[in-house]
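# Observations on the model geometry
Take a look at the letters that make up each chain.
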Amino acid sequence: MAGGGVVVANDGLPAADYGGRLTLSVLTTCLVAASGGLIFGYDIGISGGVSQMEPFLERFFPHVLARMAAAKRDDYCLYDSQALTAFTSSLYVAGLLASLVASRVTRAVGRQRVMLMGGALFFAGGAITGAALNIAMLIIGRMLLGFGVGFTNQAAPLFLAEMAPTQWRGSLTAGFQFFLSLGVLIANLVNYATARISWGWRLSLGLAGAPAVLIFLGALFLTDTPSSLVMRGRAEDARAALLRVRGAGADVDAELEDIARAVEAARESEDGAFRRMATRREYRPHLVLAVAVPMFFQLTGVIVLSFFSPLVFRTVGFGSDAALMGAVIIGATNLGALMLSALVIDRYGRKVLFMVGGVQMIIAQVAIAWIMGAQIGKGGEAPMTRAYGVAVVVLTCIHTAGFGWSWGPLGWVVPGEIFPVDIRSAGQAMNVSIGLGLTFVQTQSFLSMLCAFKYATFAYYAAWVAVMTVFIALFLPETKGVPLESMMGTVWVKHWYWSRFVEPQGKSAEALT
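Below is a short write-up of the structure. (Residues numbered from 1 in each chain as written. Predicted model: local features only at pLDDT ≥ 70, side-chain atom pairs only at ≥ 80, totals over all residues. Heavy atoms only, no water.)

As a further point, take helix 20 (residues 386–404). Spanning 19 residues, helix 20 covers 27 Å between terminal C-alpha atoms, matching the ideal 27 Å at 1.5 Å per step. Buried residues of helix 20: Gly-389, Val-392, Val-393, Leu-395, Thr-396, Cys-397, His-399, Thr-400, Ala-401, Gly-402, Phe-403 and Gly-404, and no others. (Helix = DSSP H or I, 4+ residues; strand = E, 2+ residues; numbered from the N terminus. Expected span 1.5 Å × (residues − 1). Buried < 20%, exposed > 50% of the residue type's maximum accessible area, 1.4 Å probe, protein only.)

Quick look at the structure:
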């Protein structure tokens, strides 16, 4: 569990500003924690590029090369292989399993140790996949990578949300997505550099150990979050941690008191967090968003495009090197958009970015579907001219940029903010497990879907982005600038719909126990 959530001031108003500033200590701490996104991003970027390298396919998936060499083929179906997609998706089955137990592990040992575990498991997985001699070794290594991702994705966003000062929480929590996007870009560059080497795929896969070492060594020097320390009975250590990251002028005693009250309220109902979230009326908005946010995050279509963009670019007529360079351009676009988002997320709020990014993604995906339908056709046999192929790359960049300053960072920021203390670890575990589960489903089915739906695949994702944009406009409250300890009593009770489920908590937190 983590600190902050259901406790508010006795008058029902938001908790006071504790005066924390953006210290070097909090910047360093959040930077190290956010670097946990590197391992997830590196894998997202590396697998799609490796999947279209001919030496890799020749060793593990020769039937795909045979299909590509066929005289007559459907370009949409070049890479439709369940075994090939299992190479990518097996990681997310393991990540899903890890995330289901990560909530209890995180609560018991703290965020810092869970990040250490995640880094160590990811390093082992990278070593095995890089040395793989057969598909079995490949899948085992991918599953170890998945365990690392599952643990790290559980701990790092919570660590960031709990450590960051309220007024900087959005930007600092978005750092996880920044490093995730940086990992994608680095992986795409590695793929481009190693594509001409017969054993380059081993180097691409084995280098997953590098970001794993970075997060492991960095986590060794982190202190755990004050909320986690209080939860484990280490109040003095929690105060020392607050003094270090907030600076001498902050009212750390007031913040520590709020954290302690929130933790005490959580302990009165410590067991059965998942059951409470599923059955208690006051947690209805948290349950809905714990399901909706990761589901919509996946259904933007960006995740599968990040995995398979080299394969999509091969489909529209680019050669291997050009397809890999296209993936590099996509990764750089995403990183640039994310940097822009970090500058404005705490100024303009969450909902504005969701709306702008949603409209942008809808337009881009509809345009991609139209071009592919008009140029490649339903049968997938018509060649696409270079100009239209470049247009697909540009539109994919526009779509990626829309994601990069909206759902990309906010898909991690919002879940880190909205859950009360007694269900926060459970809520984050649900968020991560649903996200990884849907990533598995999508990575396993995307190439078959592209083969079956053809160009309509992109229209399908555009329709989902339209649905999620409307949902966010109606049901997500603005959380910008609200202290975690005050979220329940100030955000949810004022929302036009969720206020019918969440009662005002002005007198005490006893009503929630």
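Now that the structure has been shown, we can carry on.
On to a nonpolar patch on the surface. A surface patch of nonpolar side chains, about 520 Å² in accessible area, is lined by Phe-123, Val-213, Leu-217, Leu-220 and Phe-221. Of all the elements, helix 11 (residues 209–220) adds the most residues to the nonpolar patch, at three residues. (Patch = residues over 30% accessible without salt bridge, like charges linked within 9 Å, V, L, I, M, F, W, Y side chains within 5 Å. Areas by Shrake-Rupley, 256 points an atom, 1.4 Å probe, with all protein chains shown as cover. Salt bridge = Lys/Arg side-chain N within 4 Å of Asp/Glu carboxyl O.)

Moving on: the side chain of Gln-442. In this fold, Gln-442 is placed in helix 22 (residues 424–453). We classify Gln-442 as buried; its relative accessible area is 8%. Of note is the side chain of Gln-442, whose polar atom sits 2.7 Å from the side chain of Tyr-461. (Polar contact = N/O pair within 3.5 Å; in protein donor to acceptor, adjacent residues only side chain to side chain.)

Moving on to the packing of helix 19 (residues 350–375) against helix 21 (residues 407–418). Direction vectors running N to C along helix 19 and helix 21 enclose 145°, while the axes themselves pass 10 Å from each other. Here helix 19 and helix 21 pass one another in a crossing that is left-handed. In this structure, helix 19 uses Arg-350, Leu-353, Phe-354 and Met-361 to contact helix 21, whose residues at the interface are Trp-407, Leu-410, Val-413, Val-414 and Glu-417. For the contact of helix 19 with helix 21, the class distribution of residues is seven nonpolar, no polar and two charged. (Axes fitted to C-alpha atoms, helices over the stretch in contact; angles between N-to-C directions. Left-handed = near helix turned anticlockwise from the far one by under 90°. Contact = heavy atoms within 4.5 Å. Nonpolar A, V, L, I, M, F, W, Y, C, P; charged D, E, K, R; others polar.)

Time to look at the packing of helix 5 (residues 82–109) against helix 7 (residues 135–163). At a minimum axis distance of 6 Å, the contact between helix 5 and helix 7 shows a crossing angle of 40°. Comparing their axes, helix 7 and helix 5 come out oblique. Helix-helix and strand crossings are classified by hand; for helix 5 and helix 7 the assignment is right-handed. Here the contact of helix 5 with helix 7 is built from residues that sort into 16 nonpolar, nine polar and one charged. (Parallel < 35°, antiparallel > 145°, perpendicular 65-115°, else oblique.)

Moving on, we come to unusual backbone geometry. Positive phi, close to 60°, is recorded for Lys-454, a residue that is not glycine. On the secondary structure map, Lys-454 appears in the loop between helix 22 and helix 23 (456–475).

Attention shifts here to the nonpolar core. Counting 103 residues, the largest nonpolar core has Phe-56, Met-115, Trp-407 and Trp-492 as its most contacted members. Among the elements that take part in this core, helix 7 stands out by supplying nine residues, more than any other. Leaving out residues up to four positions away in the same chain, Trp-492 has contacts with Pro-285, His-286, Leu-289, Ile-418, Pro-477, Met-487, Trp-498, Ser-499 and Val-502. Ile-368, Met-384, Leu-447 and Met-449 belong to the second largest nonpolar core, which has 15 residues in total. (Core = buried A, V, L, I, M, F, W, Y, C linked by side-chain atoms within 4.5 Å.)

Let us look at the environment of Ser-103. Here Ser-103 lies in helix 5. Residue Ser-103 is classed as buried on the basis of its relative accessible area of 5%. A C-alpha to C-alpha distance of 10.0 Å links Ser-103 and Val-114, two positions eleven residues apart in sequence. Among all residues touching Ser-103, those that are not within four sequence positions of it are Gln-154, Phe-274, Ser-425, Ala-426 and Ala-429.

Bringing the side chain of Ser-35 into the picture now. Residue placement: Ser-35 occurs in the loop between helix 1 (24–34) and helix 2 (37–50). What makes Ser-35 buried here is its relative accessible area of 5%.

Side chains that differ in sign of charge can pair as their charged atoms come close. Scanning the entire structure with this criterion turns up seven salt bridges. Among the ionic pairs, Arg-142 bridges to Asp-43, the shortest N-O distance being 2.3 Å. You can see Arg-142 sitting in helix 7 and its partner Asp-43 sitting in helix 2, a full 99 residues away along the chain. Of the charged contacts, one joins Arg-232 and Asp-224 as a salt bridge, the two residues approaching to 2.6 Å between their closest N and O atoms.

Looking at the secondary structure, you find Thr-469 in helix 23. Judged by its relative accessible area of 12%, Thr-469 falls in the buried class. With 115 residues separating them in the primary sequence, Thr-469 and Phe-354 have C-alpha atoms 7.0 Å apart. Other than its neighbours up to four places away in sequence, Thr-469 contacts Met-355 and Gly-358.

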